[in-house]
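Here's the letter readout for the chains.
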There are 2 protein chains.
Amino acid sequence: MASITDAALAGEVEADFSAVDKARVVEALSRLLPAGALMFETEDLRPYECDGLSAYRQLPMVVALPTTEEQVVGILKLCHEMGVPVVARGAGTGLSGGALPHQFGVLLSMARFNRILSVDVPARVAHVQPGVRNLAISEAVAHHGLYYAPDPSSQIACTIGGNVAENSGGVHCLKYGLTVHNVLRVRGVTIEGDIVEFGSLAPDVPGYDLLAAMIGSEGMLAVATEVAVKLTPKPQLAQCVLAAFDDVVRAGDAVAAIIAAGIIPAGLEMMDQPATAAVEEFVHAGYPLDAKAILLCESDGTPEEVAEEIERMRAVLEQGGATEIRVSRDEAERLRFWAGRKAAFPAAGRISPDYYCMDGTIPRKRVGEMLSAIQEMEKKYGLRCINVFHAGDGNLHPLILFDANQPGELERAEAFGADILELSVALGGTVTGEHGVGVEKINQMCSQFTKPEIATFFRVKAAFDPAGLLNPGKAIPTLNRCAEYGRLRVSGGQLPHPELPRF
Amino acid sequence: MASITDAALAGEVEADFSAVDKARVVEALSRLLPAGALMFETEDLRPYECDGLSAYRQLPMVVALPTTEEQVVGILKLCHEMGVPVVARGAGTGLSGGALPHQFGVLLSMARFNRILSVDVPARVAHVQPGVRNLAISEAVAHHGLYYAPDPSSQIACTIGGNVAENSGGVHCLKYGLTVHNVLRVRGVTIEGDIVEFGSLAPDVPGYDLLAAMIGSEGMLAVATEVAVKLTPKPQLAQCVLAAFDDVVRAGDAVAAIIAAGIIPAGLEMMDQPATAAVEEFVHAGYPLDAKAILLCESDGTPEEVAEEIERMRAVLEQGGATEIRVSRDEAERLRFWAGRKAAFPAAGRISPDYYCMDGTIPRKRVGEMLSAIQEMEKKYGLRCINVFHAGDGNLHPLILFDANQPGELERAEAFGADILELSVALGGTVTGEHGVGVEKINQMCSQFTKPEIATFFRVKAAFDPAGLLNPGKAIPTLNRCAEYGRLRVSGGQLPHPELPRF
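Residues numbered from 1 in each chain as written. Chains lettered and ligands numbered in written order. Predicted model: local features only at pLDDT ≥ 70, side-chain atom pairs only at ≥ 80, totals over all residues. Heavy atoms only, no water.

Under the annotation held in an unreviewed UniProt entry, chain A carries the name FAD-binding protein and is attributed to Azoarcus taiwanensis. On record in UniProt, under Cofactor (unreviewed entry), the comment for chain A is "FAD". (UniProt positions renumbered as here; feature names shortened; annotations may be inferred.)

Spelled out as structure tokens, the structure:
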């Protein structure tokens, strides 16, 4: 049985699980699970070696595919007794390596938890298992005029359990919120096999409200087995404004001006010229290629609300110096406007062998500054970067283009990405937007938090997982790692004052 | 120096602080605080002996009135070193005894933290100290067309720090949310004197998102020193529908029907006949006294939105069997409709020497059932009860009328209240709505949570407050208390299925 030192539990150093005995674990798990629900041969493990952040790869020791909550309880209790790490996995579409397997651990695939348990139409709540795909919820309730609002670009494939783990967003989260704003309750199992519930269908939650802590915790507190999600009425109409700018800073300022005018668009996206060029030759969205930046600004609601809001948007955009404004005339044109934005990632893949998508968040007012800095970084690292932003949220998705087959390019891309994240923090922002921290941004977490804050995170984890077995080494850096990385925020940040950046 | 046993830290038994040495604590604190910021004579302590739940009274050992965050850090570090409990207090308007002093503890009044630090109009955020009054925020930003949405009935007096501690609500929280939905970031100090920040101005929060855990934690995790609140644009227009029903169950069903129709009223309140009778003779709101129940259903927004929503409300209410429907014709009439509802508590005080306000939450569909059960309880306990509900939220405020000077009446009122809370849980609801747990509902928390859940709460507390000194004995019951109370939920509740109650 592996044991974890106090220093590891306190978050000082990484835990060492090398003493885990694979044969004993396989033997014990095989008594809990039916045939076909346990895999431990290398060729069977291969499909699980990475998630959507394929730069990081690691074969798990074994893969378990439970079907029932009782099996999850059994697996977790067993791993707790034997001191075995457990990494839960949804569809494996995550972009920060949150589901990267542990060499000495169980990869717990929740893929078979794929049932929608019930839909309460009057209360607009669906109770689903965590392996249900994000889009499957919307499809199942479409005939009631409802949908599940968060729409990560992987929504065809990604699961609601994975969305809970990473607090996923999407292009509509400015108006409709991230996962944390659209999940009411999560039922989960702790590593000790206890069933705990987070959140409530009631407005207030008695006791400590730990739902938000569970959401985005990357499977480090408990393994979700049921999720109650909020359903949203489908808007009667959506219309999209495409605005072109001859200057990226001006485009960034227009974003801030729209929000300052009290408008909450259903989507507010920005693409720079290299990004529009990349997508245009791919999907022919009709973007103005001479613009330094374009904004897509969507309104939804009743036809009257949309008409009124579009006019307000147009006024702010004109005032903000837009060189061209087009309003989608019908649904086909609206979808064409969005097709370009949605094709940005594949377009990057088309013009470059590899790309690295970053996910920092900055105050809206600093978008222009960040874009200038990224241009400098392109020179510094000798790599190109195309930029698409969830601009209304200040959430950046720079796509750093590189070729992993060229020696040193991956490392340069990673250093480029780290620079962007650290600049995000320095500009008053954060290292994440909607993709989680995982393994990708764990070093940059050192810039974001102070030593007491990191120590508190480890103690919160210990409150749920006293042996430190759930997804060890993810999301929260050890103090030792931060010392080696050479950065740790020194004092608690001040709440921003007027002269400081704002969102 | 007092020390706390492991059993107390694990939440098994109450901690014993009787070894705290008042003279030494006073001497040490007097070196940290200027004259006038420390009180320890009985006559000076008297104003702090209770909060708004005056049935519970306890003199603190000392009262500290810091002015700066440095003083708060100093006081907390000192109390940590000396093993002294600390109870933070805002305006003392809380209704569940969350700020009830500790006999051997420091009562930490945050009253002098009363500055609005900055207002960021374009971002619609105000940065305030915790002792700022709720209404003072709205007053300070009114000329920008903004306000702070949560409006507890004590909003003239209560502070934002107290609102954070209790996750306070108000009549508009159905549409605009509780405190947890309107606070973006809290800066606080742990008992060890570390400054920690909860939440973020960005949409996603890196690391564990502990803001929601801090809000409603009744000063048991950290002491807030700065709060960033969201500001909301004032609606152009508000109009209110008053609907009368000849049956309380029908009125309850109409509430559920409004929500099911996809309408989110700005307020949706219900009063039963005894409540309307009590307020009518007091404020002459013009309520129909022959109705068994009335609903107040408010719409706000642009004039077009309000007109359209009022018509939809009217249709649902007519369909639901309303015997009379009145729509406020002007602002004076709208305020008159609300005057009755807002006078419910003082009206109860007018017709009875004492009243006890309960605060459970139940699924909307069960309102009729709860009212019938309360009628039975009135007979059982020989006490009258008038009922006002935040019906849209399912949040009940039964006002149990009693006379504390009559032997046994207070005890009967408390038992009556406990019955209501336990029935709330049995109906699929919770023991709190917007007043917190404090000392008032601590026994009923045993009915709400399982043993592993309560143990987890204590471990989360220990993550912030390893010595168990912040507001000990509040909100989360010890396992020993639950054993004595004779109720502890046996297994994790199921997420509701269609046949079960819903919100």
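1. Here's the deal with the overall build of chain A
Each helix and strand in chain A was counted, giving 19 helices and 18 strands. Whereas a compact globule of 503 residues would reach a radius of gyration of roughly 23 Å, chain A reaches 23 Å, a difference of no more than 12%. Over its C-alpha atoms, taken along the principal directions, chain A stretches across nearly 65 × 55 × 45 Å. Out of the 503 residues belonging to chain A, those deemed buried represent 62%. Here the analysis covers contacts within chain A between residues at least 6 apart in sequence; of these, 72% occur between residues at least 24 apart. (Helix = DSSP H or I, 4+ residues; strand = E, 2+ residues; numbered from the N terminus. Rg over C-alpha atoms; globule rule 2.2 N^0.38 Å. Buried < 20%, exposed > 50% of the residue type's maximum accessible area, 1.4 Å probe, protein only. Contact = heavy atoms within 4.5 Å.)

2. With respect to the domain arrangement of chain A
All names here are of chain A. Structurally, chain A comprises domain 1 (23–109), domain 2 (116–233) and domain 3 (237–346). With five residues of domain 2 in contact, the opposing surface of domain 3 contributes 11 residues. It is Val171, Leu174 and Lys175 in domain 2 that bury the most area against domain 3; as a group they hold 72% of the surface buried on that side. Summed over the shared surface of domain 2 and domain 3, the number is one salt bridge. The salt bridge partner of Asp300 is Lys175, with a shortest N-O separation of 2.6 Å. In this assembly, domain 2 and domain 3 are joined by three residue pairs in polar contact (both at pLDDT 80 or more). (Domains from an automatic or database assignment. Buried area = accessible area lost by both parts, 1.4 Å probe. Salt bridge = Lys/Arg side-chain N within 4 Å of Asp/Glu carboxyl O. Polar contact = N/O pair within 3.5 Å; in protein donor to acceptor, adjacent residues only side chain to side chain.)

3. Let's talk about the environment of Gln71 of chain A
Mapped onto the elements, Gln71 of chain A comes out in helix α4 (residues 69–82). Each C-alpha atom, one on Gln71 of chain A and one on Leu33 of chain A, is 7.1 Å from the other, the two residues being 38 residues apart in sequence.

4. Things to note about the sheet that holds strand β14 (residues 293–301) of chain A
Residue and element names in this part refer to chain A. Strand order across the open sheet formed by seven strands is β15-β12-β14-β13-β17-β18-β16, with antiparallel pairing between neighbours. Each edge of the sheet is formed by a strand with only one pairing partner; in this case those strands are β15 (324–327) and β16 (354–357). Averaged over neighbouring strand pairs, the angle between their axes works out to 15° when direction is ignored. Two elements, strand β12 (residues 237–245) and β15, share four bridges in a ladder whose sense is antiparallel. Bridge pairing in β15 places Ala244 opposite Glu324. Taken strand by strand, helix α16 (residues 409–426) contacts β16, β17 (385–390) and β18 (395–402), and its axis lies near 160° from that of β18. (Pairing = 2+ DSSP bridges. Axes fitted to C-alpha atoms, helices over the stretch in contact; angles between N-to-C directions.)

5. Quick word on the interface of chain A and chain B
On the chain B side, the residues contacting the 72 residues of chain A number 72 residues. Here chain A packs against chain B, burying approximately 6300 Å² in sum over the two surfaces, 60% of which is carbon and sulfur. Applying the counting criterion to the chain A and chain B interface returns two salt bridges. Here Glu192 of chain A ties to Arg459 of chain B by a salt bridge, and the two come within 3.5 Å at their closest N and O atoms. Here chain A is connected to chain B by 10 residue pairs in polar contact (both at pLDDT 80 or more). Secondary structure elements with two or more residues in the side of chain A that touches chain B: β5 (116–120), β8 (183–189), β9 (195–199), α9 (211–214), β10 (223–230), α10 (248–260), α17 (445–448) and α18 (451–464) of chain A. When residues in the side of chain A that touches chain B are grouped by element, the largest group, 10 residues, is from α18 of chain A. Tallied by class, residues from the side of chain A that touches chain B come to 37 nonpolar, 18 polar and 17 charged. (Nonpolar A, V, L, I, M, F, W, Y, C, P; charged D, E, K, R; others polar.)

6. A few points about the UniProt feature "domain: FAD-binding PCMH-type" (unreviewed entry) in chain A
The UniProt record marks residues 56–234 of chain A with the feature "domain: FAD-binding PCMH-type" (unreviewed entry), using the residue numbering of this structure. Note that residues 56–234 of chain A is 23% helix and 25% strand, and that its end C-alpha atoms are spaced 38 Å apart.

7. Section: the side chain of His172 of chain B
Residues and elements named next belong to chain B. Looking at where His172 falls in the secondary structure, it is placed in the loop between α6 (160–166) and α7 (173–176). A polar side-chain atom of His172 sits 2.7 Å from a polar atom in the side chain of Asp151. Residues in contact with His172, not counting those within four places in the same chain, are Asp151, Gly177, Ala266 and Glu298.

8. Comments concerning the sheet that holds strand β1 (residues 38–39) of chain A
All names here are of chain A. Pairing is mixed across the open sheet formed by four strands, whose spatial order is β1-β2-β4-β3. The sheet terminates laterally at β1 and β3 (86–89), the two strands that pair on one side only. Direction of pairing for β1 relative to strand β2 (residues 62–64): antiparallel, over a ladder of two bridges. In the sheet register, Met39 faces β2, and the bridge partner there is Val63.

9. Structural notes on the relation of the copies chain A and chain B
In this structure, two copies of a chain are linked by a rotation about an axis accompanied by a shift along it. Once chain A is rotated about the relating axis by 180° and shifted along it by 0.0 Å, it coincides with chain B to within an RMSD of 0.0 Å. Such a combination of rotation and displacement between the chain copies is what one expects of a two-fold axis. Identified as the residue of chain A closest to the rotation axis by C-alpha distance is Val460 of chain A, at 2.8 Å. (Least-squares fit on C-alpha atoms with pLDDT ≥ 70 in both.)

10. Section: the nonpolar core
Counting 192 residues, the largest nonpolar core has Met270 of chain A together with Met270 of chain B as the members making the most contacts within it. For Met270 of chain A, the residues in contact, after removing those within four places along its chain, are Val248, Ala251, Gly252, Ala293, Ile294, Leu295, Val367, Leu371, Asn387, Val388, Phe389 and Ala391 of chain A. (Core = buried A, V, L, I, M, F, W, Y, C linked by side-chain atoms within 4.5 Å.)

11. Concerning the confidence of the model for chain A
When pLDDT is averaged along chain A, the result is 92, and 96% of the positions lie at 70 or above. Residue range residues 491–503 of chain A is modelled with pLDDT below 50. Its contacts to residues more than four positions away, or to other chains, number 45 contacts. (pLDDT = per-residue confidence, 0-100.)

12. A short note on the state of the cysteines
Residues and elements named next belong to chain A. Going through the model one piece at a time under the given rule, you end up with two disulfides over all chains. Between the sulfur atoms of Cys446 and its disulfide mate Cys482 the distance is 2.1 Å. Taking the sign of the S-S torsion, -85° for the link of Cys446 and Cys482, the bridge is left-handed. Taken as a pair, Cys446 in helix α17 and Cys482 in helix α19 (residues 479–485) lie far apart in primary sequence, 36 residues in all. (Disulfide = S-S within 2.5 Å.)

13. Details of the environment of Glu14 of chain A
Among the secondary structure elements, Glu14 of chain A is positioned in the loop between α1 (6–9) and α2 (22–32). Sequence spacing of Glu14 of chain A and Pro477 of chain A is 463 residues, and the spatial spacing of their C-alpha atoms is 8.8 Å.

14. Some points on the environment of Asp151 of chain B
Residues and elements named next belong to chain B. For Asp151, the location among the structural elements is in the loop between β7 (146–147) and α6. Counting along the chain gives 22 residues from Asp151 to Cys173, while the straight-line C-alpha distance between them is 7.9 Å. Sequence-distant contacts of Asp151, defined by excluding residues within four places in its chain, comprise Gly169, Gly170, Val171 and His172.

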